[in-house]
Amino acid sequence: MLKKILTVSLLLASFSYTHADTKEVECSTDPVFAEYSCNQCFDWGSKEQWGFIGLLTDIWSNTSESDKILYKEQQEMPEMVNLNTSKVEWSQTPDSKDFWEYTPEFEAVFSTEQDWYVLWAGKSLTWLKSKLGYAYKLDKNETAKDENIGLLIYPILSHTLLANWELGMSNTPHNECVLYKSAAWVAPVVTPPKTLPQTGPAEYFLLLILAMILGFGIVRFKNN
C-alpha cells in the first residue's frame, strides 16, 4: 500500500505542468496534423525522456446552433501515436486497461428517455479524463531536439440533432490532436590531445586537478 501511495505521489508531482505549455495552433503548422486527419490542433512543446504525461482531459464543445448527441458505443478512446518508432518508445502507466473514464459532468447529460448524451447548442463540458495515477511515459528518446515524437489523438463522434428529432448521421470523428516534440540534447564531444604537453611535476599535478574538476562538471551537467 505504501509503495502504491508513493508511486501515485511521484506521478502527481510530475503532472503539475502537464497542461502548462499546451497552446492551440493552426493545423497547417505541421504536416503531421493533416496526416492523421486532425480537426483541432495543439502544440504541447518539448518532452524529456522518462517524463510522464497525465491528468489528461478532453472537452466536448458544441459551437453550432443545433443540439448535439453522442453514443458511448460509437466512441474510440484517445491514443498516443509514436511518430518515430525506431528512436522513441512510449508506454502507459500502469497499463492501457481502463486508462480513461467518463466524467460526472458528462454522465449528467444522459437522456434515459432517448438513451443518448445530449449537449445543447453553444455549450461545452469535460466528457473524458485519464484516471488518477495513470499516465503516458516516454521510456526512450534518441531523437534530436524539437523533432516530433508523439501525437495524442482525442477522437469524438457526435451527431447533429435536427429540428424534427432526426439525427444528422456522420461516421467521421472530430479529432483533437496534441503534438509532442523532443527535448533531447546532444552532449558535446571532447577530443583529447594526441600527446601530453611537456610539463614539470607541479604543472602536471595542476593539470590533473583541472581535468578532475572539468570531468565532474560535465558529468553533473549530463545528470541534470
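The shown structure was predicted, so the numbers you read here are calculated from the model rather than taken from an experiment.

*Asks:* Even after reading the chapter, I still don't get the pairing of strand β10 (residues 116–119), so can you show me in this structure?
*Replies:* Put simply, side chains in a regular strand alternate between the two faces of the sheet. Side chains Trp-116 and Val-118 project from β10 onto one buried face, and the interleaved Tyr-117 and Leu-119 project onto a second face that is buried too. As judged from the three bridges shared by strand β5 (residues 68–70) and β10, these two strands associate in the antiparallel manner. Its bridge partner lying in β10, Leu-70 is registered against Tyr-117. Remark: four residues form the turn of the hairpin made by strand β9 (residues 110–111) and β10, two consecutive strands paired antiparallel; Asp-115 in that turn has positive phi of roughly 65°.

*Asks:* Please explain the side chain of Asn-62 as it appears in this structure.
*Replies:* Here Asn-62 is to be found in the loop between β4 (57–61) and β5. Engagement of the side chain of Asn-62 in a polar contact is seen with the backbone oxygen of Trp-120, the distance being 3.3 Å. Residues within four places of Asn-62 in sequence aside, it is in contact with Asp-67, Lys-68, Leu-119, Trp-120, Ala-121, Gly-122 and Lys-123.

*Asks:* Is there a simple way to think about the confidence of the model for the protein chain in this case?
*Replies:* Chain-level statistics for the protein chain give a pLDDT mean of 80 and a share of 72% at 70 or above. Low pLDDT (under 50) marks residues 1–20, which in the prediction has 22 contacts with non-local residues, meaning those over four places away or in another chain. Here residues 213–224 is modelled with pLDDT under 50, and outside its nearest four sequence neighbours on either side it reaches three contacts, counting other chains as well.

*Asks:* So what exactly am I meant to see when it comes to unusual backbone geometry here?
*Replies:* Most peptide bonds adopt trans geometry, and most residues besides glycine take a negative phi value. Thr-93 connects to Pro-94 through a cis peptide bond whose omega is 5°. Positionally, Pro-94 belongs in the loop between β7 (88–93) and β8 (100–102). One non-glycine residue, Ser-37, lies in positive phi territory at about 55°. Classification of Ser-37 by relative accessible area gives partly exposed; the value is 48%. Of note in this structure, Asp-98 is not a glycine but carries a positive phi near 55°. Tracing the backbone shows Asp-98 in the loop between β7 and β8. Overall, Asp-98 belongs to the partly exposed group, its relative accessible area being 45%.

*Asks:* Quick question: what am I supposed to make of the sheet that holds β7 here?
*Replies:* For sheets, the rule is that strands pair by backbone hydrogen bonds, running either parallel or antiparallel. Pairing is antiparallel across the open sheet formed by three strands, whose spatial order is β3-β12-β7. Two strands close off the open sheet at either side, each with one partner strand: β3 (52–54) and β7. Strand-to-strand, the axes of this sheet are offset by a mean angle of 25°, without reference to chain direction. Across three bridges, β3 lies against strand β12 (residues 135–141) in antiparallel orientation. The residue of β12 that forms the bridge with Ile-53 is Tyr-136.

*Asks:* Teacher, can you tell me more about the nonpolar core here?
*Replies:* Where a protein is soluble and globular, its nonpolar side chains tend to be buried together. Counting residues in hydrophobic clusters, the biggest one holds 27 residues, and the most contacted among them are Trp-60, Trp-90, Phe-106, Trp-127, Tyr-136, Leu-152 and Tyr-180. Mapped by element, the contributors of at least two residues to this core are β2 (40–47), β7, β10, β11 (124–130), β12, β13 (148–156) and β16 (174–182). Sort the elements by how many residues they give to this core and β13 lands first, with four residues. Val-32, Phe-33, Cys-41 and Val-81 belong to the second largest nonpolar core, which has ten residues in total.

*Asks:* Would you explain the environment of Ser-61 in this entry?
*Replies:* With respect to the secondary-structure elements, Ser-61 resides in strand β4. Measuring from C-alpha to C-alpha, the distance between Ser-61 and Leu-125 comes to 6.6 Å, with 64 residues separating the pair along the chain. For Ser-61, the contacting residues outside a window of four places in its chain are Leu-119, Lys-123 and Ser-124.

Basis of the calculations
Residues numbered from 1 in each chain as written. Predicted model: local features only at pLDDT ≥ 70, side-chain atom pairs only at ≥ 80, totals over all residues. Heavy atoms only, no water. Buried < 20%, exposed > 50% of the residue type's maximum accessible area, 1.4 Å probe, protein only. Helix = DSSP H or I, 4+ residues; strand = E, 2+ residues; numbered from the N terminus. Pairing = 2+ DSSP bridges. Polar contact = N/O pair within 3.5 Å; in protein donor to acceptor, adjacent residues only side chain to side chain. Contact = heavy atoms within 4.5 Å. pLDDT = per-residue confidence, 0-100. Axes fitted to C-alpha atoms, helices over the stretch in contact; angles between N-to-C directions. Core = buried A, V, L, I, M, F, W, Y, C linked by side-chain atoms within 4.5 Å.

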